[in-house]
Protein chains: 2
Amino acid sequence: MNTPSLKTFNSSDNCRSAQPLRHAKAVTFEDTPLRLEQGGELSPVTVCYETYGQLSPNADNAVLVCHALSGDSHVAKHDPEDAPGWWDVMIGPGRPIDTNTVYVICANVLGGCRGTTGPGSAHPKTGKPYGRSFPTVTIGDMVKLEKMLVDHLGISQLKAVVGGSMGGQQALCWGVLFPDMTAGVVALATAPRITNQSLAFDIVGRNAILHDPNFADGQYYDATTSPDTGLAIARMIGHVTYLSREAMTEKFDVNRYQPRDVATGFEKHFSVGSYLGYQGDKFVERFDANSYLALTKAVDLYDLGDSHDELVETFSASDSRWLVISFTSDWLYPPFQSQEIVRALMAAGKRVSYCNVASSAGHDAFLLEQDLPIYGELVRGFLGSMETGCCAAGQAPAEAPIGSRTIFRPDRLDHDRLIGLVPEGASVLDLGCGAGGLLCRLMRRPHGKLVGVDLSEEAIVASVANGHNVVHADLNKHLSQFSDGQFDYVVLSQTLQAVRDVEGLLAEMLRIGKHAVVSFPNFAYWPLRKMLAEEGKAPESSGLLRHKWYDTPNVRFFSIADFEDLCQEKDIVIRESVYLDTEAKSDVVDDPNLNADLAIFVLGGAPLAPAS
Amino acid sequence: MNTPSLKTFNSSDNCRSAQPLRHAKAVTFEDTPLRLEQGGELSPVTVCYETYGQLSPNADNAVLVCHALSGDSHVAKHDPEDAPGWWDVMIGPGRPIDTNTVYVICANVLGGCRGTTGPGSAHPKTGKPYGRSFPTVTIGDMVKLEKMLVDHLGISQLKAVVGGSMGGQQALCWGVLFPDMTAGVVALATAPRITNQSLAFDIVGRNAILHDPNFADGQYYDATTSPDTGLAIARMIGHVTYLSREAMTEKFDVNRYQPRDVATGFEKHFSVGSYLGYQGDKFVERFDANSYLALTKAVDLYDLGDSHDELVETFSASDSRWLVISFTSDWLYPPFQSQEIVRALMAAGKRVSYCNVASSAGHDAFLLEQDLPIYGELVRGFLGSMETGCCAAGQAPAEAPIGSRTIFRPDRLDHDRLIGLVPEGASVLDLGCGAGGLLCRLMRRPHGKLVGVDLSEEAIVASVANGHNVVHADLNKHLSQFSDGQFDYVVLSQTLQAVRDVEGLLAEMLRIGKHAVVSFPNFAYWPLRKMLAEEGKAPESSGLLRHKWYDTPNVRFFSIADFEDLCQEKDIVIRESVYLDTEAKSDVVDDPNLNADLAIFVLGGAPLAPAS
């Protein structure tokens, strides 16, 4: 790309104390004002960005990466000698976002201080830095400027927009504002709007800056002093919120009273103090206080909706595929907020996958190598399946289940039968989907929406790579991600006996689905009866009951007759039932409660609450 | 008390901008210097305090209440017209700390700004406020000054020392430094040393104060300005850490964009911002920045020990009874830290009870009415049982168990038999102790240490009131509170079938106890066999298996023979076994696996790791 409006970025142009970003390019839109959501406009407006890899001739391999609060356009090294990028673990040749195949664009955000127009830029009328006169910008405004850049680069649709934290907010926004241009959205460690706890920390940080006497109402650019103390205090608060308690214990507890030998004017009696002082000091060297105010305010004003209904409305126009990733120890953008996003996307009928990565690294997890085997592979699989399509090779993945303590038996006779019980065209939610074996088999026929649920991170990674929409959830908790009557069929295969709240889960299935299909082992199968009756021991068999009594995933033991009693008691209509002898691989007609080792029931007809 | 050294406190004496505390009394020790742990001494030293109720003629009903960071001596109202105290919910006539029967003392801490010697007090040599020349004080120093006060009041032993947060640190310290003077310790929402996360927030707050230009190296007392911004910023950070995320959502989410109409110079775009600004401004009116520095530093330096072994050593000299209370949503002093205290006290052989109160209120929970029915009643029961002794009326409490979904049957035939299996003199840990029925029965005989464990808060409250030492814990998790070989007998009555990790729990019991005693229902009891064999239904009976298969606390189904197999497989020695027909209330000799509905096993002999 070498258009007239492109130039090499020179940091001294418009950004106080910025380090030169060697590979940055800048484009200035002289004649296209950027109209701002909170009023006013910016013109001219410059955006500074870096690119990696090659844009394909069809311009269909571009991935826009959005940075978080203190990031910039330098998302990765351009070559081995280059300065480290902030997401080198994720982006580069062979990395999850593989620059051998995709074209990566990363722009410094509007309001930032790395070349893109921000409070440190010259006001076109006065020629002096905007300072406090820089208008309020929003995440939506950032995205609109990014869109101008993408247009400028001649790309009509992005393969994906990817980002974490404030970058995740931008990614979500892309899916909402420019659905046609956004084939995929990958949002990590983010939220529809931040919690009041997180908001509070931002506010305290801004108060520290605004009340720093050197802030001088934001016009400190020509002064000998600047609000370094306030900005450092804000940065220190931020740093605590980026780490988990566990991570801080790990990092600082051994040398609690041995501060690092750093030159800082801040308290360094404790190890963690020397770290914070150092981080605070280092930050003021590379960041502009006015930009910090502008960007945190944008983060704080971001609000896709308070209620579930508002979020559903927000996402209603989307046509993207979505991948949402949270991290268990992230308390700045806690997982429940990602789950709200997923729930709304599901309710809006969108294609979404979700994983809550078990991590001790806190909010920063999305930047670190520690959990890359999960979150990185999720992104790799997501991008890959956008090219290859679903169940790529036309083959179902190995049906051997994920994880070592699985309850499933290796042969899945019940899958053959389940498929016969679910009519073509139906939408299906598969609870306990594993790598997506049943979903792939269903996909060979015409079907409505197909979605999986699993508790295993590895299953989610595999399913996403297989092109499925899958949600990471625990069947022992409520399936509140799903709305009433959202699916024609909800399938639970060989798992009911491993769920503690059987009644609750059945109710959830019949709330979410018009029909529920469950298969389970029959505890009154004659060899099991015989074992207890004659040997006086808890039945074990080669199938689902092959585990030792003290070490089995199964916690509920019931027969076909017991299940039928429960259905009767709870007014659950049994529409169809299949009784199998899985050893003989045959149907059982005669006294199934004695002769079948596995039963499949199609349920439905319980009064459904009206769909919300 | 009306000694010559006592005077009515006049706030203008030595505390910048303090409100007069109408009922405060002060005593000045002119000739007894207070030697400080970090070096130096203070002389003279004044302590300002309030008292409630009447000291008994034997001076044996005194309870010392220790305040937290921003508290003072005014712990409760002295009369209905009095200004509110900071712990009115807890202290007063009929309250959990009942001033009809106990004599409450609450002193402003050393380093504070409510009359007790602190940085705002006049330096004896210069006559000017100490300011930054005030020496570093520790929680131990605070406690030593409190001890001088208690001596002065003619009290040789305190019935209890009670406090939360920094007050809890003091309470723990009393038990460590003055074991003979401290009959009981009640420590709420506290820790052996604070986490690095909490430490970090304190450090950032101190940095904000120290770098406020108006701090003037601490000598702002005569200046027209003071470091109000820094102190307000510190207070705002503190406030966020005192609340839980849930509590903040509850408080601020509805009116997120409608700030309260408060006069503050701080940002008030958001509702939570107006709250923080108001709290910051209000705090600087009543608190001295130098005191804030001194007290947070004392909190941060407090360190009873890093490792478990160090903590055990710390508590080794204690002779107190201990009650430790944490709150689930407290992230400033998280529950696991209280559990470390309990674990060390247990390992040191001390008498301790513990409850982790399920609360949404965060660290502040211990100050609020919300969870008073649990934490208040725990304190009431603890203080009460110190007078009445254990199992007060000489009667076992009702053995009807706590909670509605109990697994226990109402008649406890197994208790009769268990008592026969545990020799007199033995120390016993009763897992699933309920209100303490078995413990009370054991107490009628001579015994070593008797301790209970239960998952129910109500059970802990009842057991504590019955004078038992009980620990709130989940048998489905590790019992790491207890050390290797700590008890002669560990008893688990009628609960093994409700535990998922049977093998793990048995291993824990045999790690902690020289012997383990378990009772459980026999799944191969003949009527149960018959039910499955003939009716083809999951066995239900009138006893432990009376629950419906889909709604039972039982998750493991096994027979006497199964259990014996497990013991053989895991090299667990069966020392004794008792087989019962609980319907007939008789022992079973003939084919117990067929004819007994309940079995009791005494286990032991698995190689024990040496006691640590």
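What counts, and at which threshold
Residues numbered from 1 in each chain as written. Chains lettered and ligands numbered in written order. Predicted model: local features only at pLDDT ≥ 70, side-chain atom pairs only at ≥ 80, totals over all residues. Helix = DSSP H or I, 4+ residues; strand = E, 2+ residues; numbered from the N terminus. Buried ≥ 20, exposed ≤ 12 C-beta atoms within 10 Å, placed from the backbone. Pairing = 2+ DSSP bridges. Right-handed = clockwise from strand over helix to strand, strands pointing away. Contact = placed C-beta atoms within 7 Å. Nonpolar A, V, L, I, M, F, W, Y, C, P; charged D, E, K, R; others polar. pLDDT = per-residue confidence, 0-100.

**A closer look at the environment of Gly436 of chain B**
Residue placement: Gly436 of chain B occurs in the loop between strand 14 (428–431) and helix 12 (437–443). Taking the C-alpha atoms as reference, Gly436 of chain B lies 9.7 Å from Ala465 of chain B; in sequence the two are 29 residues apart.

**Notes on the pairing of strand 13 (residues 351–357) of chain B**
All names here are of chain B. When you tally the buried positions in strand 13, you get 6 out of 7 residues, the bulk of the element. Relative to strand 13, strand 12 (residues 321–327) runs parallel, the two sharing 7 bridges. If you follow Ser326 over to strand 13, its bridge partner there is Asn356. Between strand 12 and its parallel partner strand 13, the chain crosses via helix 9 (residues 335–347), and the hand of that crossover is right-handed.

**Examining helix 13 (residues 457–465) of chain A**
Residue and element names in this part refer to chain A. With 8 of 9 residues buried, helix 13 lies mostly within the body of the structure. When we look at burial in helix 13, the residues that qualify are Glu457, Ala459, Ile460, Val461, Ala462, Ser463, Val464 and Ala465. Its buried side turned inward, helix 13 meets strand 12 (321–327), strand 13 (351–357), helix 10 (372–388), strand 15 (450–454) and strand 16 (469–472). At the C-terminal side of helix 13, Gly467 shows a positive phi close to 85 degrees.

**Focus: the interface of chain A and chain B**
Across the contact, 54 residues belong to chain A and 54 residues belong to chain B. Those elements giving two or more residues to the side of chain A that touches chain B turn out to be helix 3 (196–210), helix 4 (228–242), helix 5 (245–252), helix 6 (271–286), helix 14 (502–512), helix 15 (526–535), helix 16 (560–569) and helix 17 (592–595) of chain A. The leading source of residues in the side of chain A that touches chain B is helix 3 of chain A, at 11 residues. For the side of chain A that touches chain B, the per-class residue count stands at 32 nonpolar, 11 polar and 11 charged.

**Describing the confidence of the model for chain A**
Residue and element names in this part refer to chain A. Confidence along chain A averages 91 in pLDDT terms, with 91% of residues attaining 70 or more. Predicted confidence for residues 393–410 stays below pLDDT 50, and this span has 35 contacts to residues more than four positions away or in other chains. Confidence drops under pLDDT 50 across residues 606–612; counting only partners more than four residues distant or on other chains, this segment forms 13 contacts. Across the interfaces of the predicted complex, the ipTM metric reaches 0.92, alongside a pTM of 0.93.

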